[in-house]
Amino acid sequence: MVNSVSEAQYRAHQAAASVTDPELPFITVEELGILRAVRVEKGIAVARIAPTYSGCPAQAVIELSLVTALNQAGFEGRVERQLEPAWTTDWITPEGCRKLRRHGISPPVQAGKTVCGLFESAANPECPLCGSQQSERVSEFGSTACKAVYRCRSCAEPFEYFKPI
Amino acid sequence: MGCAAFARALLELADDHLILGHRLSECCGHAPILEEDLAMPNLALDLIGRARELYSRAGEVEGLGRSEDEFAYLRSEREFLNCLLVERPNRDFAHIMLRQFYFSNFMELYWLRAADSRDATVRGAAAKSVNEMKYHIRHSGEWIVRLGDGTGESARRAAEAVGELQFYIDELFIPSASAEICFETGLLPDRRSMREEWDQRVERVFTMAKLDFPEPVPALTGGRTGRHDECLGHLLAEMQHLQRVYPGAEW
């Protein structure tokens, strides 16, 4: 009995952890720190997730994908939102950061360390293409809620930066 | 009584976010430059996302089974409890940025104080919003300086916006009877307590922008009791159009 419970738990967790972000399809919800826990109770698998950026349209798709993945693994899938503690970009795993970099997105520096006074910028993100620290902000807001647009002053390439929150 | 007051105070807060978010979304495709066309809908998303969370919580607390969509789409003008500042029309870019600057400075101070609320949803919203508001303040604050200390025309328009929006500042800091009960019961922070710090913050940026800090004027109020300017009706007519014409439509 104990074994079958933990086996089910393991399968449900594997299924949920394989779900990717619709706008960053190379990275899983586990690597993003969104998936907080999966538990199985009487054949129902509940994935607890932490919402990311407020109003991020990917949220609904992630929830749907989680339910689908859990259903496919043979469970009745459910999603539960955890608002507290609030998700922060600090929860993105080192592997998640490596993947972001590999796909041309500079990973976030520690939350709360970048937003500062007007016309100032604390740490400039590292260029994911050439590794230079010499970057400048083009736009604080980008194609999705999570990204800003930067330009590298060494290799002159534009790149996206995952905004720390 | 406590529950009804909390639900109502949550609606006031949610309405502020939804209405300002909608106002910003009206700028999509109309911004003066591409970067702003990205910025304003992004800011709008933050606000609308927060509104959704607050409506859901208000629905739970109220206990009548009303959903976030019902709050947003099926209430009339007199049932909206947002402050008058957030419904002000998008007269020009200076108005839009100043409205944003006033509101986000207020909300950062508000959420900082809401971090120890007795309600878990409020605490969660506070933790997220404090960080988001920093981006909103920086974005609009930089524009206040660029406009105020920019060309003759930009400075004139920024000063005009200050003159027009000054009547709507005070209402941010006046708690409704419901908000007052929530403050006394440790659910929501005291709006009055933010005034001094807000003034200092705004004044600091106005100095950089070479703008005059508004003198105290008689406040225009009424939003918290559903008495709005005509412009809110026009906003709602557009925002609610689909649900009014096709009730229950989903996509």
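What you are looking at is a predicted structure, and each value in this text was computed from that prediction instead of being measured. (Residues numbered from 1 in each chain as written. Chains lettered and ligands numbered in written order. Predicted model: local features only at pLDDT ≥ 70, side-chain atom pairs only at ≥ 80, totals over all residues. Heavy atoms only, no water.)

(A) Examining helix α2 (residues 34-62) of chain B more closely. Spanning 29 residues, α2 of chain B covers 42 Å between terminal C-alpha atoms, matching the ideal 42 Å at 1.5 Å per step. Once α2 of chain B finishes, Gly-63 of chain B follows within two positions and takes phi at roughly 75°, a positive value. (Helix = DSSP H or I, 4+ residues; strand = E, 2+ residues; numbered from the N terminus. Expected span 1.5 Å × (residues − 1).)

(B) Spatial organisation of the domain arrangement of chain A. Residue and element names in this part refer to chain A. Along its sequence, chain A is carved into domain 1 (2-81) and domain 2 (93-162). One C-alpha centre belongs to domain 1, the other to domain 2; they are set 28 Å apart. Listed as interface residues are eight residues of domain 1 and, on the opposing side, twelve residues of domain 2. Of all residues in domain 1, the largest losses of buried area upon contact with domain 2 belong to Phe-26, Glu-31 and Tyr-53, amounting jointly to 61% of the total for that side. The interface formed by domain 1 and domain 2 contains one salt bridge. (Domains from an automatic or database assignment. Contact = heavy atoms within 4.5 Å. Buried area = accessible area lost by both parts, 1.4 Å probe. Salt bridge = Lys/Arg side-chain N within 4 Å of Asp/Glu carboxyl O.)

(C) Structural view of the nonpolar core. The biggest cluster of nonpolar side chains holds 79 residues, and the ones touching the most others in it are Tyr-55, Tyr-102, Trp-111, Ile-144 and Phe-206 of chain B. Counting residues per element, this core draws most heavily on helix α5 (residues 93-114) of chain B, which supplies 14 residues. Leaving out residues up to four positions away in the same chain, Ile-144 of chain B has contacts with Met-97, Leu-98, Phe-101, Asp-149, Val-205, Phe-206, Ala-209 and Leu-211 of chain B. Among the nonpolar cores identified, the runner-up in size contains 36 residues, and Ala-16, Phe-75, Trp-87 and Ile-105 of chain A belong to it. (Core = buried A, V, L, I, M, F, W, Y, C linked by side-chain atoms within 4.5 Å. Buried < 20%, exposed > 50% of the residue type's maximum accessible area, 1.4 Å probe, protein only.)

(D) Just the side chain of Ser-132 of chain A, in detail. All names here are of chain A. Inspection of the secondary structure assignment puts Ser-132 in the loop between β6 (105-106) and β7 (135-139). A polar side-chain atom of Ser-132 sits 2.9 Å from the main-chain amide nitrogen of Gln-134. Among all residues touching Ser-132, those that are not within four sequence positions of it are Pro-125, Glu-126, Cys-127, Cys-152 and Ser-154. (Polar contact = N/O pair within 3.5 Å; in protein donor to acceptor, adjacent residues only side chain to side chain.)

(E) The arrangement of the interface of chain A and chain B in detail. Opposite the 29 residues of chain A that make contact, chain B presents 29 residues. Across the chain A to chain B interface the summed buried area is about 2,500 Å²; carbon plus sulfur atoms make up 62%. Looking only at chain A, the three residues that lose the most surface to chain B are Ser-54, Leu-118 and Phe-141 of chain A, adding up to 28% of its buried area. Joining chain A to chain B, the criterion identifies three salt bridges. Between Glu-142 of chain B and Arg-137 of chain A there is a salt bridge, with the nearest N and O atoms lying 3.3 Å from each other. Linking chain A with chain B are eight residue pairs in polar contact (both at pLDDT 80 or more), by the criterion used here. Taken together, the residues of the side of chain A that touches chain B break down into 15 nonpolar, nine polar and five charged. (Nonpolar A, V, L, I, M, F, W, Y, C, P; charged D, E, K, R; others polar.)

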